[in-house]
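# Examining the three-dimensional arrangement
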There are 2 protein chains.
Amino acid sequence: MTLPRRKSRPVKVGNLIIGGGAPVSVQTMVKASPDDINAIMAQINEAAELGCNLIRLAIPNRAALQPFAEVKRQSPLPLVADIHFNEHLAIGAIEAGADKVRINPGNMKDWEAITAVVKAAQQAGAAIRIGVNSGSIRPRKGEDNRDLATALSEDALYYLERIEAMGFDQIVVSLKASDAPTTIAANLAVAGKMDYPLHLGVTAAGPEEDSILKSAIGVGGLLAQGIGDTIRLSFTGSPAAEVRAGKELLRAVGLLRDRVEIISCPTCGRCQVDLQEMAAQAKARLAHIRKPLKVAVMGCEVNGPGEAAECDVGIAAGKGKYALFRDGKLLKTITETEALDVLCAEVEALAEKFDD
Amino acid sequence: MTLPRRKSRPVKVGNLIIGGGAPVSVQTMVKASPDDINAIMAQINEAAELGCNLIRLAIPNRAALQPFAEVKRQSPLPLVADIHFNEHLAIGAIEAGADKVRINPGNMKDWEAITAVVKAAQQAGAAIRIGVNSGSIRPRKGEDNRDLATALSEDALYYLERIEAMGFDQIVVSLKASDAPTTIAANLAVAGKMDYPLHLGVTAAGPEEDSILKSAIGVGGLLAQGIGDTIRLSFTGSPAAEVRAGKELLRAVGLLRDRVEIISCPTCGRCQVDLQEMAAQAKARLAHIRKPLKVAVMGCEVNGPGEAAECDVGIAAGKGKYALFRDGKLLKTITETEALDVLCAEVEALAEKFDD
């Protein structure tokens, strides 16, 4: 499966490339207090172990700059400084080693302030994210989605044009709303009008269980259409939870294939075996395999063989027996009792031979 | 928030209207054996109580027709008969009272068989879903997503054109693949080319936890762009689980607003209160309110006031205190201790006055 992706130019953020065909990276944000270096490093190290590629820290005041510099020395991940209102904090963060600064031009004082940040980034080789949020667009209340999406996209393109005119191009762009339809509409509106990488997220999406759905729709819906270079799922919860969910989202959309994917049917009145149990057991027994294999567990002869055939290996149930498929071809018929063992052995054998 | 939706013509399925601006309906499928009327009715009644609008049953053979007729007499929901291969089963199901039959023309014998089904539906006033699946498109293996999406969309449009030419227009169309990108691409490809209602789903999406993400991306990504008239989330799990997830998806995309939605920020180093706890408590205390109110619980002064202002009621934390907003206006500053009570009292008061 090759998902056609929007072409974007590469932007260097420390040792990470965003855009330009690089894998979609996963970000989160440190939630510990800016003066608690140990707590910050614990969150960064945990995020890194879970596969996070880039991490952001809020710099709310000058006192946060010195610990930020120390965190930069210790961090295994490139760092983004999150700045609002104050250009001196952005310049200070760049001097302290920030690989990228995230600014929302809409809440900076004036263009002189923004120009100073861009010059500092240019000299230091740091990138800038232009991050436009529904929270800083006015007026909001009473406007429909299209208006807010249009406002987000027009603001982002205007800021981009002005910053690009300063001779700076290490730019990532984000347009975030607190609902998925606006987020999708805003990003679709800019995706064809410029070629800078897009950072995707649904902002203020709420508690984890609500946010996962909104983010899957908003971020996943764009990724599924080939749009998006880096993602951040934002929860009212831990950075680790955000990273785990971000990686799961990449798997669900097919952009990260680092384990066995189970394709199993929902079953219906045709199904004469306990398919839910079979799928759950196959998933558990194949969870250790770190290869991009697609395994079908299908309940009947209608769509079963067809969908099993799309997969690397698959079984489709008949009356008291299963058909075993590999690479689109029927291999043999097996009994219900042996089906799980035979399927798992086939997958293990394929995984052994798999060329990394 | 008004999501612009694709215009589709209304199709009558029993007492339910699909398309034509009707609310997006939620479907599931009975998984009990076709001869076990009690088990079938238990699944249908549970689904109906959870807000399911339409339910489908597989008719694998002639023996299933008589219990289907009895289920039709007892069912509070309109029924769809799921038919593969055999036109006589489709005609039998229509005679037994099916409100809609789902056929995949790609696996029917020939056009004579399909014509016989269309005639029976026409005479009985039943609808037909043309359901095209990745499992019945050939060749599959080795093609990329675009090819499979194109194949699904071309097949669906071809079947639609031929059935429409028979003078029949009570048609719902579905194009399903087992991955979200193909599902989105296939539906986007047909959405502008015809005005029949679209039934959305990702097929064979796997165990519940995997399927929720894939369906949120595929089904939710389309709904968020205004496409889709009825949905079915398919899990290797119970009909009740499918219905619950379908309703949650409609809520997440803003198409079902029947309770309080919490907008809360992910927090960062700026946040000086325990926002995760505050958001969780607000959510729990407001869970009983069945009104479409949007409540913000924001952690700081940066995006907080802006995003709180988008909501009906909101609080944004400062240092040891909260700002209380209603309808975009700052009402007053309240202490951290009283914040939850004051917020909940405001929401309760708004809910009282809310015009249903």
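Keep in mind that this is a model prediction, so the values were computed, not measured.

Procedures and definitions
- Residues numbered from 1 in each chain as written.
- Chains lettered and ligands numbered in written order.
- Predicted model: local features only at pLDDT ≥ 70, side-chain atom pairs only at ≥ 80, totals over all residues.
- Heavy atoms only, no water.
- 1 Å grid on protein atoms, 1.4 Å probe; cavity = no way out; pocket = protein on both sides within 12 Å on 5 of 7 lines; lining within 4 Å.
- Points joined across faces, edges and corners; volume = space filled by probe spheres on them.
- Helix = DSSP H or I, 4+ residues; strand = E, 2+ residues; numbered from the N terminus.
- Nonpolar A, V, L, I, M, F, W, Y, C, P; charged D, E, K, R; others polar.
- Domains from an automatic or database assignment.
- Salt bridge = Lys/Arg side-chain N within 4 Å of Asp/Glu carboxyl O.
- Buried < 20%, exposed > 50% of the residue type's maximum accessible area, 1.4 Å probe, protein only.
- Core = buried A, V, L, I, M, F, W, Y, C linked by side-chain atoms within 4.5 Å.
- Contact = heavy atoms within 4.5 Å.
- Least-squares fit on C-alpha atoms with pLDDT ≥ 70 in both.
- Buried area = accessible area lost by both parts, 1.4 Å probe.
- Polar contact = N/O pair within 3.5 Å; in protein donor to acceptor, adjacent residues only side chain to side chain.
- Pairing = 2+ DSSP bridges.
- Axes fitted to C-alpha atoms, helices over the stretch in contact; angles between N-to-C directions.
- Parallel < 35°, antiparallel > 145°, perpendicular 65-115°, else oblique.
- Left-handed = near helix turned anticlockwise from the far one by under 90°.

### With respect to the layout of surface pockets
Empty space within the largest pocket amounts to approximately 630 Å³. Taken together, 27 residues make up the lining of the largest pocket; nearest its centre are Asp210 of chain A together with Glu248, Arg251, Arg259 and Lys283 of chain B. Sorting the residues of the lining of the largest pocket by element identifies helix H7 (208-223) of chain A together with helix H7 (208-223), helix H8 (239-252), strand E11 (261-264) and helix H9 (275-286) of chain B as the ones contributing at least two each. Broken down by element, the residue count for the lining of the largest pocket peaks at seven residues, all from H8 of chain B. Taken together, the residues that form the lining of the largest pocket break down as 14 nonpolar, one polar and twelve charged.

### Some points on the domain arrangement of chain A
Parsing chain A into structural domains produces domain 1 (11-252) and domain 2 (261-352). Centre-to-centre, using C-alpha coordinates, domain 1 of chain A lies 41 Å away from domain 2 of chain A.

### Regarding the pattern of salt bridges
The final tally for this structure, using the stated rule, is 38 salt bridges over all chains. Across the pair Asp258 of chain A and Arg251 of chain A runs a salt bridge, and its minimum N-O distance is 2.8 Å. Between Arg9 of chain B and Glu164 of chain B there is a salt bridge whose closest N-O contact spans 3.9 Å. Of the two residues, Arg9 of chain B sits in the segment before strand E1 (11-13) while Glu164 of chain B sits in helix H5 (residues 145-164), which places them 155 residues apart along the sequence. Since its relative accessible area comes to 25%, Arg9 of chain B is described here as partly exposed. Residue classification places Glu164 of chain B among the partly exposed positions, given a relative accessible area of 34%. By sharing partners, the salt bridges in this structure join Arg9, Glu164, Asp169 and Asp195 of chain A into a single network.

### Brief notes about the nonpolar core
Ranked by size, the top nonpolar core spans 168 residues in total, and within it Ile231 of chain A together with Ile231 of chain B carry the most contacts. In contact with Ile231 of chain B, other than residues within four places in its own chain, are Val24, Ser25, Val26, Gln27, Leu200, Val219, Leu223, Gly246, Leu249 and Leu250 of chain B.

### Here's the deal with unusual backbone geometry
All names here are of chain A. The residue Phe85 is not glycine, and still its phi comes out positive at about 75°. Residue position: Phe85 is located in the loop between strand E5 (79-82) and helix H3 (87-95). We note that Thr267 has phi near 65°; this positive angle belongs to a residue other than glycine. One can find Thr267 in the loop between strand E11 (261-264) and helix H9 (275-286).

### Some remarks on the environment of Leu157 of chain A
Residues and elements named next belong to chain A. As for its position among the elements, Leu157 is in helix H5 (residues 145-164). Classification of Leu157 as partly exposed rests on a relative accessible area of 22%. Those residues in contact with Leu157 that lie beyond four places of it in its chain are Val190, Lys193 and Met194.

### Quick word on the relation of the copies chain B and chain A
Two copies of one chain are present, and they are related through a rotation about an axis combined with an axial shift. The operation relating chain B to chain A is a screw motion whose rotation component is 180°, with 0.0 Å of axial translation and a residual RMSD of 0.0 Å. Here the symmetry operator amounts to a two-fold rotation axis. Same-surface contact between copies: 99% of interface residues of chain B are shared with the interface of chain A.

### Description of the interface of chain B and chain A
The interface is formed by 85 residues belonging to chain B together with 84 residues belonging to chain A. Counting the surface lost from both chain B and chain A, the interface buries some 6,300 Å², and carbon and sulfur atoms represent 58% of this. Among the residues of chain B in contact with chain A, Thr236, Pro266 and Arg270 of chain B are the three that bury the most area, contributing 10% of the side total. At the boundary of chain B with chain A, the tally comes to six salt bridges. The tally of links from chain B across to chain A stands at twelve residue pairs in polar contact (both at pLDDT 80 or more). Contributions of two or more residues to the side of chain B that touches chain A are made by H5, helix H6 (180-191), H7, H8, E11, H9, strand E12 (294-298) and helix H10 (304-310) of chain B. Broken down by element, the side of chain B that touches chain A gets its largest block of residues, nine residues, from H7 of chain B. Tallied by class, residues from the side of chain B that touches chain A come to 40 nonpolar, 23 polar and 22 charged.

### Structural notes on the sheet that holds strand E3 (residues 25-29) of chain A
In a beta sheet, neighbouring strands pair by backbone hydrogen bonds and run either parallel or antiparallel. Residues and elements named next belong to chain A. Ordered in space as E3-E4-E5-E6-E7-E8-E9-E10, the eight strands form a closed barrel in which the pairing is parallel. Strand-to-strand, the axes of this sheet are offset by a mean angle of 25°, without reference to chain direction. Bridge count for strand E9 (residues 198-200) against strand E10 (residues 230-232) is two bridges, and the pairing is parallel. Counted as the bridge partner of Leu200 is Ile231 from E10. Sheet strands touched by helix H2 (residues 65-74): strand E4 (54-58) and E5. Its angle to E5, the strand with the most contacts, is close to 165°.

### Re the environment of Ala282 of chain A
Residues and elements named next belong to chain A. You can see Ala282 is positioned in helix H9. For the pair formed by Ala282 and Val132, sequence separation is 150 residues and the distance between their alpha carbons is 44 Å. When near neighbours in sequence (up to four residues on either side) are disregarded, Ala282 contacts Ile262, Val297, Leu340 and Leu343.

### Some remarks on the side chain of Thr183 of chain B
All names here are of chain B. Topologically, Thr183 is positioned in helix H6. With a relative accessible area of 1%, Thr183 lands in the buried category. Sequence-distant contacts of Thr183, defined by excluding residues within four places in its chain, comprise Leu175, Ala177, Gly201, Val202 and Leu222.

### Focus on the packing of H7 of chain A against helix H8 (residues 239-252) of chain A
Residues and elements named next belong to chain A. The N-to-C vectors of H7 and H8 enclose an angle of 40°; their axes lie 10 Å apart at closest approach. The orientation of H7 with respect to H8, classified from their angle, is oblique. Pair H7 / H8 crosses with right-handed handedness. Across the interface between the two elements, Glu208, Ile212, Ser215, Ala216, Val219, Gly220 and Leu223 from H7 touch Ala241, Ala245, Leu249 and Leu250 from H8. Here the contact of H7 with H8 is built from residues that sort into eight nonpolar, two polar and one charged.

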